[in-house]
Amino acid sequence: METSIETRDLTRRFGDFVAVDRLTLRVERGEVFGFLGANGAGKTTAIRMLCGLLQPSSGSGKVAGCDIQTETDRIRSRIGYMPQKFALYPDFSVEMNLQLYGGLYGLQGDVLRTRMETVGKLLSLEPLLSRRTDSIPWGWQQRLNLACAILHQPEIVFLDEPTASVDPVSRRQFWDIIAELAASGTTIFVTSHYMDEVEYCGRVAILVQGGLAALDSPAGLKKTYGHTSLGDVFLDVVERAQTRGTAA
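Remember, it's a predicted structure, so these values are computed and weren't measured experimentally.

(A) Focus on the overall build of the chain. On a plain count of helices and strands, the chain comes out with nine helices and 10 strands. By the compact-globule yardstick of 18 Å for 248 residues, the chain fits well, its C-alpha radius of gyration being 18 Å. Dimensions of the chain, computed from C-alpha atoms along their principal axes, come out at roughly 60 × 40 × 35 Å. Among the 248 residues that make up the chain, the fraction classed as buried is 50%. The long-range share in the chain, meaning contacts at least 24 apart out of those at least 6 apart in sequence, stands at 65%.

(B) Quick peek at the nonpolar core. In this structure, L98, I188 and I206 are the most contacted members of the largest nonpolar core, which totals 47 residues. Setting aside residues up to four positions removed in sequence, I206 forms contacts with L36, G211, L212, A213, A214, L221, V233, F234 and V237. Of all hydrophobic cores here, the second largest spans 26 residues; its members include L10, C66, I75 and F158.

(C) Highlighting the pairing of strand β4 (residues 58-63). Pairing geometry for strand β1 (residues 3-14) and β4, over five bridges, is antiparallel. Opposite E6, over in β4, you have K62 as the bridge partner. Linking two consecutive strands that pair antiparallel, namely β4 and strand β5 (residues 66-67), is a turn of two residues; a positive phi of about 55 degrees is found at A64 within it.

(D) Here's a closer look at the sheet that holds strand β10 (residues 211-216). Strand order in the open sheet formed by six strands is β6-β7-β8-β3-β9-β10, with mixed pairing between adjacent strands. Edge strands, defined here as strands with exactly one partner in the open sheet, are β6 (79-82) and β10. Between one strand axis and the next, the sheet turns through 15 degrees on average, direction left out of account. Here strand β3 (residues 32-36) pairs with strand β9 (residues 203-208) via four bridges, running parallel. Looking across to β9, one finds that G34 is bridged to V204. Each of β6 and β7 (156-160) is contacted by helix α5 (residues 138-150), which is oriented at about 160 degrees to β6, the strand it contacts most. Contacting β3, β6, β7 and β8 (187-191), helix α6 (residues 168-183) runs over the sheet at an angle of about 150 degrees to β8.

(E) Examining the packing of helix α3 (residues 94-104) against α5 more closely. In the contact formed by α3 and α5, the axes pass within 9 Å of each other and the chain directions differ by 25 degrees. Relative to α5, α3 is oriented roughly parallel. As for how α3 packs across α5, the hand of that crossing is right-handed. Across the interface between the two elements, V94, N97, L98 and Y101 of α3 pack against L144, A147 and C148 of α5.

So, how was this worked out
- Residues numbered from 1 in each chain as written.
- Predicted model: local features only at pLDDT ≥ 70, side-chain atom pairs only at ≥ 80, totals over all residues.
- Heavy atoms only, no water.
- Helix = DSSP H or I, 4+ residues; strand = E, 2+ residues; numbered from the N terminus.
- Rg over C-alpha atoms; globule rule 2.2 N^0.38 Å.
- Buried < 20%, exposed > 50% of the residue type's maximum accessible area, 1.4 Å probe, protein only.
- Contact = heavy atoms within 4.5 Å.
- Core = buried A, V, L, I, M, F, W, Y, C linked by side-chain atoms within 4.5 Å.
- Pairing = 2+ DSSP bridges.
- Axes fitted to C-alpha atoms, helices over the stretch in contact; angles between N-to-C directions.
- Parallel < 35°, antiparallel > 145°, perpendicular 65-115°, else oblique.
- Left-handed = near helix turned anticlockwise from the far one by under 90°.

So, in structure tokens, the structure goes:
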């Protein structure tokens, strides 16, 4: 299969603090890849390096065939990134935000209008186009956030806690959309704190203190660690990793 993301010993330090520690992984095209870890485990730092927004301290990586250290502009044109914090303009209408982000990605004229219609239908945003962004519910704001991230048809979409504070029904609908994107060949790299969501991923990487502590399918992780829930697997992996770290 075609590789979308590949890292080898990817590391990021902030002074003496190691935020990401020798991360090595490979993500295939069209895969829904889950990134699981406690707050401060290094998930967002790793994503920022993969998106070309933060230079690694050492190690290497490629995203969409482009080097994360020397080809950051090419990477940004080929990926979509939905950050943890809301990144749109609250006083703009839904339509204005879409037009703005389309323009940033070089879309214009009929191409932009067609893409806006497509993502509007996919995410059911058409009735909200004239509404101010800050006047629509949070779950719908997150849909708009995703719409802006996929407007230019990126090969890879990075989603950092996309359903945080979203109600359960909206979360399930959000993941239906993610599955549809992956089925069309888009690679999805997603972080989440919701264990039920992570079950939808093809494979899951568990980060502990910046290092890769476990990597497998949800079923594979449960079998390896002898648990019936990913929540129990996660706690087990964290405890074992921390015990090893203490022993070292």
